[in-house]
Amino acid sequence: MSAAESVPITKRDLLVVSNLETHGKKEFKWLYRFLDVMSVSLAEQKLKDSYRHIYVLAADKASLANFTNSLESITQDPDLAALDVFIHLHGAPDRLWFQDRLIQTETLGTEIQSIVSHPSKLRALYSTACYGKSHAEGFLNAGFSVVNGAEKVNTNSPHDYPAFMNAWKSGATFDAAQEDGNSPEWIAFYDSIAQAAGFDDVGSYKVVEGDGQMTINEAKSL
């Protein structure tokens, strides 16, 4: 497939992975519980007419094995051309916390490579995880064509996530959709709140790695 080849709604799916509560700071459990609910409900609300199916791994379902097995089972569908993934998990430099375990993202990329038999269907990965920029290489190596990620501790999701989805579903490139999310005013606002609450190393600006010119309607280039 070329980058210009069309991928209609009937041939693209979305997988949303969300679990912030399990490994979040105890004093912010209420906030993470709310964000877990909203990350799923916003995707279903905004993108229900943009994907054939929206699959969800949330709460105790957001385990590492469920994630990798879902990538394999979903991409096995012969009618599917593209699978996009949204990640709402806690992150550290080069690491992600799934519900059941912490994993190095380099190792995760290798595991995905070993499990997913149709990596050509892995397309775009959007992440709200802290230090997501450091995770990008692992996901690109796994087969995804474009990945985003925060430079440091990410606090800007209340603006970035819906802004990204609004632009992405309208046909904007991944780069342009992320640019809408990277509002300097909103980043400064949410980062300052997080710093006042005691969070260190805050930096919500998100970087795009890979094919940032991809749109929701296009196949990945091979």
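Relevant structure appears above.
Residues numbered from 1 in each chain as written. Predicted model: local features only at pLDDT ≥ 70, side-chain atom pairs only at ≥ 80, totals over all residues. Heavy atoms only, no water.

Comments concerning the environment of Gly 109
1) Next: Note that Gly 109 resides in helix 3 (residues 105-115).
2) Next: The class for Gly 109 is buried, based on a relative accessible area of 2%.
3) Next: Placed 32 residues apart in sequence, Gly 109 and Asn 141 show a C-alpha to C-alpha distance of 6.0 Å.
4) Next: Setting aside residues up to four positions removed in sequence, Gly 109 forms contacts with Gly 138 and Ala 142. (Helix = DSSP H or I, 4+ residues; strand = E, 2+ residues; numbered from the N terminus. Buried < 20%, exposed > 50% of the residue type's maximum accessible area, 1.4 Å probe, protein only. Contact = heavy atoms within 4.5 Å.)

With respect to the packing of aromatic side chains
1) Next: Inspection of the entire model under this criterion finds 14 aromatic pairs.
2) Next: When the centroid spacing of 5.6 Å and the interplanar angle of 85° are considered together, the rings of Trp 186 and Phe 189 count as edge-to-face. Taken together, the positions of Trp 186 and Phe 189, both in helix 7 (residues 184-196) and 3 residues apart, correspond to about one turn of that helix.
3) Next: For Trp 186, a relative accessible area of 38% corresponds to the partly exposed category.
4) Next: The exposure class assigned to Phe 189 is partly exposed, which follows from its relative accessible area of 40%.
5) Next: Aromatic ring contacts, followed pair by pair, group Phe 86, Tyr 126, Tyr 161, Phe 164, Trp 168 and Phe 174 into a single cluster.
6) Next: Above the face of the Tyr 51 ring, Arg 12 is positioned so that its terminal group lies 5.9 Å from the ring centre.
7) Next: One cation-aromatic arrangement involves Lys 25 over Phe 199; the distance from NZ or CZ to the ring centre is 4.3 Å. (Phe/Tyr/Trp six-rings, centres within 6.5 Å; stacked < 30°, edge-to-face > 60°. Lys NZ or Arg CZ within 6 Å of the ring centre and 35° of its normal.)

Section: the environment of Ser 192
1) Next: Here Ser 192 shows up in helix 7.
2) Next: For the pair Ser 192 and Gly 203, spaced 11 residues apart in sequence, the C-alpha separation works out to 9.9 Å.
3) Next: A distance of 2.7 Å separates a polar atom in the side chain of Ser 192 from the backbone oxygen of Phe 189. (Polar contact = N/O pair within 3.5 Å; in protein donor to acceptor, adjacent residues only side chain to side chain.)

Quick notes on unusual backbone geometry
Across residues other than glycine, the phi torsion is negative in most instances, and most of the peptide bonds are trans.
1) Next: Positioned with a positive phi, Asp 94 is a non-glycine residue whose angle comes to about 65°.
2) Next: Relative to the assigned elements, Asp 94 resides in the loop between strand 3 (82-92) and strand 4 (95-97).
3) Next: Asp 94 sits in the partly exposed class, given a relative accessible area of 37%.

Topic: the packing of helix 1 (residues 29-47) against helix 5 (residues 157-169)
Packed helix pairs are characterised by how far apart their axes lie and by the angle those axes make with each other.
1) Next: Remark: helix 1 packs on helix 5, axes separated minimally by 10 Å, with the N-to-C direction vectors making an angle of 20°. When the interaxial angle is binned, helix 1 and helix 5 end up roughly parallel. For helix 1 against helix 5, the interelement crossing comes out right-handed. Facing helix 1, whose interface residues are Met 38, Ser 39, Leu 42, Ala 43, Lys 46 and Leu 47, helix 5 presents Tyr 161, Pro 162, Met 165, Asn 166 and Lys 169.
2) Next: Along the lines of polarity and charge, the residues of the contact of helix 1 with helix 5 split into 7 nonpolar, 2 polar and 2 charged. (Axes fitted to C-alpha atoms, helices over the stretch in contact; angles between N-to-C directions. Parallel < 35°, antiparallel > 145°, perpendicular 65-115°, else oblique. Left-handed = near helix turned anticlockwise from the far one by under 90°. Nonpolar A, V, L, I, M, F, W, Y, C, P; charged D, E, K, R; others polar.)

Considerations on the packing of helix 5 against helix 6 (residues 174-181)
1) Next: Their axes nearest at 7 Å, the elements helix 5 and helix 6 cross at an angle of 145°. With respect to the hand of their crossing, helix 5 and helix 6 are arranged in right-handed fashion. Facing His 159, Asp 160, Ala 163, Phe 164, Ala 167 and Trp 168 of helix 5, the residues of helix 6 in contact are Phe 174, Ala 177, Gln 178, Asp 180 and Gly 181.

Quick word on the pattern of salt bridges
Oppositely charged side chains are able to pair whenever their charged atoms sit close together.
1) Next: What the rule picks out here adds up to 6 salt bridges.
2) Next: As a salt-bridge pair, Asp 160 and Lys 206 come within 3.3 Å of each other at their nearest N and O atoms. In this pair, Asp 160 sits in helix 5 while Lys 206 sits in strand 8 (residues 206-210), placing the two residues 46 residues apart along the sequence. Accessibility assignment for this pair places Asp 160 and Lys 206 in one class, buried. (Salt bridge = Lys/Arg side-chain N within 4 Å of Asp/Glu carboxyl O.)

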